Every structure is written in C-alpha cells, then in structure tokens.
Amino acid sequence: MSVMEQRYRAVHDVLAGSTVTDVAERFEVSRQAVHRWLAWYQDEGLEGLADRSSRPRSSPPVLGGS
C-alpha cells in the first residue's frame, strides 16, 4: 500500500466514524499525524495526502567570520 493510500484509508475511517485514536493505533502512527492528514485532505483533497518532502523550506544563514 502506498503512503497516499494509507493516508486516504486513515482519513476515510475517521470520516466514517472511527475515532482518531483508534485509527492512529490501527495504522501505527501518532494521533497528530492523523489530524495532519485530515487537515491536508480538507485543504487540498486527495492530492494533499501525497508524500511530502521533509526537507526544511529554508535554513538559517551561516554565520561565519574568521
């Protein structure tokens, strides 16, 4: 099962009446992850559940000087 399919099934289960806690335990993820997936699904639809880069959007400037 792909990441997107897993997330969709989890979201579907919550929308069908399962609790976030039950879904998180069944999919072996945190409750926060399930809440995040629900928000992405609400905001962006199915595309919002696609795998995302974990790379930071920006990094602090390098302070140098010698």
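Our subject is the structure listed above.
Residues numbered from 1 in each chain as written. Predicted model: local features only at pLDDT ≥ 70, side-chain atom pairs only at ≥ 80, totals over all residues. Heavy atoms only, no water.

Colleague: I would appreciate a short explanation of helix α1 (residues 3–15) in the present structure.
Modeller: Compared with the 18 Å implied by 1.5 Å per residue over 13 residues, the 18 Å span of α1 between its first and last C-alpha is a close match. The complete set of buried residues in α1 reads R7, A10, V11 and V14. Seen end-on, α1 carries its buried residues on one side only, within an arc spanning 95°. Residues of α1 that are buried in the fold lie against α2 (20–27) and α3 (31–44). After α1 finishes, the residue G17 shows a positive phi value of roughly 120°. (Helix = DSSP H or I, 4+ residues; strand = E, 2+ residues; numbered from the N terminus. Expected span 1.5 Å × (residues − 1). Buried < 20%, exposed > 50% of the residue type's maximum accessible area, 1.4 Å probe, protein only. Arc of directions from axis to C-beta. Contact = heavy atoms within 4.5 Å.)

Colleague: Looking at this model, I keep getting lost on α3. Mind explaining?
Modeller: In this model, α3 (14 residues) spans 20 Å end to end at C-alpha, consistent with the 20 Å of a helix rising 1.5 Å per residue. For α3, the set of buried residues is A33, V34, W37, L38 and W40. Along α3, the residues classed as buried sweep out an arc of 165° about the axis, all on the same side. Away from its buried face, by an angle of more than 90 degrees, α3 presents the exposed residues Q42 and D43. Buried residues belonging to α3 abut α1 and α2. Positive phi appears at G45, one or two residues downstream of α3, with a value of about 75°.

Colleague: Explain the nonpolar core here, please?
Modeller: Of all hydrophobic cores here, the largest spans 13 residues; its most connected members are V14, V23, V34, W37 and L38. Broken down by secondary-structure element, the contributors of at least two residues to this core are α1, α2 and α3. It is α3 that provides the largest number of residues to this core, a total of 5 residues. For V23, the residues in contact, after removing those within four places along its chain, are A10, D13, V14, S18 and V34. (Core = buried A, V, L, I, M, F, W, Y, C linked by side-chain atoms within 4.5 Å.)

Colleague: Whenever I open this one, the pattern of salt bridges confuses me. Can you help?
Modeller: Within the structure shown, the criterion is met by 2 salt bridges. Residues R7 and D51 are paired through a salt bridge, measuring 3.7 Å at the closest nitrogen-oxygen approach. Taken together, the positions of R7 in helix α1 and D51 in the segment after α3 put the pair 44 residues apart, joining distant regions of the chain. Overall, the relative accessible area of 11% leaves R7 in the buried class. D13 is the partner of R26 in a salt bridge, and the nearest nitrogen-oxygen pair spans 3.7 Å. On the criterion of sequence distance, the pair formed by R26 in helix α2 and D13 in helix α1 is long-range, its members being 13 residues apart. Taking relative accessible area as the criterion, R26 reaches 48% and is therefore assigned partly exposed. (Salt bridge = Lys/Arg side-chain N within 4 Å of Asp/Glu carboxyl O.)

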